[in-house]
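Descriptive analysis of the structure
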Amino acid sequence: MPAPRGMPIGLRLAGVARDVGRAFDDALTSAGGSRPLWMVLLALKSGAAASQQQIADHIGIRGATLTHHLSGMEERGLVVRTREPSDRRTQVVRLTDEGERMFLALAGAAQEFDKRLRRGLKAEEIAQLDGLLQRLHANAGVRGSELPGDVAH
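All values reported here derive from a predicted model rather than from experimental measurement. Residue positions are counted from 1 within each chain, in the order its sequence is given. Thresholds applied to this predicted model are a pLDDT of at least 70 for local features of residues and 80 or more for the giving and counting of side-chain atom pairs; totals over whole chains, interfaces and linings are not thresholded and use all residues. Each side-chain value is derived from all of the structure's non-hydrogen atoms; neither hydrogens nor water enter the calculation.

1. Observations concerning the overall build of the protein chain
Numbering goes from the N terminus for both helices and strands, where a helix is a DSSP run of H or I of at least four residues and a strand is a run of E of at least two. Scanning the protein chain for helices and strands turns up six helices and two strands. Across the protein chain, helices and strands are ordered from the amino to the carboxyl terminus as α-α-α-α-β-β-α-α. Summary of the burial criterion: residues with accessible area below 20% of their type's maximum are buried, those above 50% are exposed, and those between are partly exposed, where the area comes from a 1.4 Å probe applied to protein chains only. Out of the 153 residues in the protein chain, the part that is buried amounts to 25%. Look at the contacts in the protein chain between residues 6 or more apart in sequence, and 47% of them connect residues 24 or more apart. Using a 1.4 Å probe, accessible areas were evaluated by the Shrake-Rupley method; residue-level cover was limited to the displayed protein chains. Surface summary for the protein chain: the accessible area is close to 10,700 Å², and the carbon and sulfur share equals 53%. The contact rule is simple, with two residues in contact once any of their heavy atoms fall within 4.5 Å.

Written out as structure tokens, the structure reads:
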């Protein structure tokens, strides 16, 4: 088997992911948010999750970490948490009007960032990139993890 030429794909991908992730975080910060806040708002707004446990499962973080983020969001007036009457152990999270406004601000920042990433790329190149990323993800053999679908990022 011939030796790979150039930088190993995993190393290149890890570096690009790190740098793009930081740039995305900066875009969200400039809009008044953060990636964890965006992920929670997106989970709530999309209807993918409503309880704290569903949100934690959906975005892939531990319950204690989510509780920390939700407490900060509650202090900012972005969400309210209430106990489910039929199961007092379950906390339901709902967006407030301020949370709706924050969602729109962060959605705008995420869409602008996505436009920035797509600059100079043709539709076919974006489709090819998506296919290649899915294949790399599958080749990595990550279990229990799927690439998100068409989520604004």
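2. Notes on helix α2 (residues 35–46)
Each residue after the first adds 1.5 Å to the expected span of a helix. Across its twelve residues, α2 extends 16 Å between first and last C-alpha, which sits within 8% of the 16 Å expected from 1.5 Å per residue. Listed in full, the buried residues belonging to α2 are Leu37, Trp38, Val40, Leu41, Leu42, Ala43 and Leu44. Immediately beyond the C-terminal end of α2, within one or two residues, lies Gly47, with a positive phi of roughly 80 degrees.

Remember, this is a structural readout, not a statement about activity or role.
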